Amino acid sequence: MAETTGGEPDDGAAEVLDRPLPDGVRRRVVQIVSDGFGGLTVAELPVQLRQYARFAPNRRAKFAGNAMAAALETDPLFRQRIGEKLREAQPEIVDALDSGAPPPAADPLDVAAAAYVLRPTGWVKLVTAAGEEALRADAERADEESRAELERLREELAEARAHTRTETERLRTELESAKKESESLHRKLRGALSDVKRGEAALRKLQAETDTARAEGQAQVSAAESESRRLKTRLSEAEAALEATRKAAREGRSVEDMRVRLLLDTVLDAAQGLRRELALPPVSVRPAETVDAVEPGRMTPKDIAARALSENDPAILDQLLALPQAHLVVDGYNVTKTGYPQMPLEKQRLRLLGQLSQLAAQTGAEVTCVFDGAELAAPVLLAPPRGVRVLFSKPGVTADELIRQLVRAEPPGRPVIVVSTDREVADGIAKAGARPVASVVLLKRLSRG
């Protein structure tokens, strides 16, 4: 039971709330306790609240609110001490409660909180009325906020509808424009397809005309060739008749024979005019030059093989290089590593190429020197000597394969001499029609100078 400041029982102590303390009133009560908390000594505080004695008021209200509300409800002495602090802090409200007429301008929550702490007669009604007033105020405020929110939502809805109508009109306009543009594009596409079809028809017609013209041209060429052959036959007959006429004239034949001669001359003149009209080239090759035979002073590889020369005699190489249009192909590293392997590769190449240049100048033969590109650490900057073709094999291709390619590239019948000690290379190029020569034979020939 709470006591008054004079120690007499308070009539309001017997009153009891039949419902929980309203939240607004409870917050004000906790604030009153927190404010009066600091004016009490530690000994004057309930045991459960002494741990919060050094807390700041706001922090105390935050962390000890439930404990302070419970102590105020269960500890009458603590409530009496808080009530004394309240009388000192808010004397107007306290005096009004004591007189039974709360000030009309006071906040109902403050009045209810003070009544809850002081417990005057009729405090339960004050607390209950304050709670109901707070609930009514909260309801009115919530209702006002709801109406404001509803009005705002109505305005937003109106704006959204207006924006939707505007956007719909814009999209409808864009759709109409897109439809018109699509129709225009469809018309252009149909026109383009029509142009393409006409172009394809014109192209087919042109191809047909071209094929016809080509066939006519071929027919005309065939007719011209037939006419040329016929005229050549007549020319041959006329030349034979002319020769007979000349012979008859030398033998003193009659005037009739002279008339025949005149007729033959006329035919010859006509044949020469036809030859100029057909632009027939003069005959540069004589029939005797087409017969395969060996001319005096020239030897074939069979003639050379028939001579009793050693395979290592450099005279064999001289005879081979003396053949018309001879081509000498040299396996470069095979020769240098046979003759002077102790020298660096660069000096080996320079020495061999210099000697091959002298040999080419002496014999007039075509000379090609092949080196293996796999032996190179970097690209070679080399100026080939006069009269010598220098080739390096590509990556993945050996010098032997490059030599075989060179041999296969030559026409059948041309004398090709390949210098290499590699038996596989020699056998391969021999099957292709080339003449293999050992590297030592070339070295002996080069050492003669």
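This text goes with the structure placed above it.
None of these values were measured; they are calculated from a predicted model.

(A) How the structure looks around the packing of helix α1 (residues 23-37) against helix α3 (residues 65-74). With their axes 9 Å apart at the nearest point, α1 and α3 run at an angle of 90° to one another. Taken together, the axes of α1 and α3 are roughly perpendicular relative to one another. Together, Arg-26, Val-29, Val-30, Val-33, Ser-34 and Phe-37 of α1 and Gly-65, Asn-66, Met-68, Ala-69 and Leu-72 of α3 make up the contact between the two elements. A breakdown of the residues in the contact of α1 with α3 according to their chemical character gives seven nonpolar, three polar and one charged.

(B) Layout of the side chain of Asp-331. Residue position: Asp-331 is located in strand β1 (residues 327-331). With no salt bridge to any partner, buried Asp-331 finds its closest opposite charge in Lys-337, at an N-O distance of 9.0 Å. The contacts of Asp-331, once residues within four sequence positions are left out, are Val-370, Ala-399, Asp-400, Ile-403, Val-419 and Ser-420.

(C) Spatial organisation of the nonpolar core. Within the largest apolar cluster, 33 residues are counted, with the highest numbers of intra-cluster contacts made by Val-29, Leu-72, Phe-78 and Ile-82. The residues contacting Leu-72, other than those within four sequence positions of it, are Val-29, Val-33, Phe-78, Arg-79, Ile-82, Tyr-116 and Val-117. In terms of nonpolar packing, the next biggest core, distinct from the first, is built from 29 residues, Tyr-333, Cys-369, Val-390 and Val-437 among them.

(D) Seen up close, the packing of helix α13 (residues 399-409) against helix α14 (residues 423-431). Contact pair α13 / α14: the axes reach a minimum separation of 10 Å and the direction vectors enclose 15°. Relative to α14, α13 is oriented roughly parallel. Judged by the twist between their axes, the crossing of α13 over α14 is right-handed. Residues Asp-400, Ile-403, Arg-404 and Val-407 of α13 pack against Glu-424, Val-425 and Ile-429 of α14. Looking at side-chain class alone, the contact of α13 with α14 contains four nonpolar, no polar and three charged residues.

(E) Structural detail: the pairing of strand β4 (residues 416-419). The alternating pattern of β4 places Val-416 and Val-418 on one face and Ile-417 and Val-419 on the opposite face, and all of these are buried. Here β1 runs beside β4; their pairing, made up of four bridges, is parallel. Each residue of the ladder has a partner; that of Leu-328, found in β4, is Ile-417. As judged from the three bridges shared by β4 and strand β5 (residues 435-437), these two strands associate in the parallel manner. Considered in β5, the bridge of Val-419 is made with Val-437. Assessed by its sense of winding, the connection that carries the chain from β4 through α14 to β5 is right-handed.

(F) Expanded view of the environment of Gln-325. Take Gln-325: it is sitting in the loop between α10 (314-321) and β1. Sequence spacing of Gln-325 and Pro-415 is 90 residues, and the spatial spacing of their C-alpha atoms is 7.0 Å. Those residues in contact with Gln-325, other than ones at most four positions away along the chain, are Arg-414 and Pro-415.

(G) Quick look at the sheet that holds strand β2 (residues 366-371). Reading across from one edge, β3-β2-β1-β4-β5 is the order of the five strands in this open sheet, with parallel pairing throughout. A single partner strand is all that each edge strand has here, and the edge strands are β3 (388-392) and β5. Put simply, the sheet's adjacent strands are angled 20° from each other on average, direction ignored. Against the sheet, helix α12 (residues 345-363) contacts β1, β2 and β3, and its axis sits at roughly 165° relative to β2.

Thresholds, definitions, all that
Residues numbered from 1 in each chain as written. Predicted model: local features only at pLDDT ≥ 70, side-chain atom pairs only at ≥ 80, totals over all residues. Heavy atoms only, no water. Axes fitted to C-alpha atoms, helices over the stretch in contact; angles between N-to-C directions. Helix = DSSP H or I, 4+ residues; strand = E, 2+ residues; numbered from the N terminus. Parallel < 35°, antiparallel > 145°, perpendicular 65-115°, else oblique. Contact = heavy atoms within 4.5 Å. Nonpolar A, V, L, I, M, F, W, Y, C, P; charged D, E, K, R; others polar. Buried < 20%, exposed > 50% of the residue type's maximum accessible area, 1.4 Å probe, protein only. Lys, Arg positive; Asp, Glu negative; His and termini not counted. Salt bridge = Lys/Arg side-chain N within 4 Å of Asp/Glu carboxyl O. Core = buried A, V, L, I, M, F, W, Y, C linked by side-chain atoms within 4.5 Å. Left-handed = near helix turned anticlockwise from the far one by under 90°. Pairing = 2+ DSSP bridges. Right-handed = clockwise from strand over helix to strand, strands pointing away.

Structural measurements only, silent on function.
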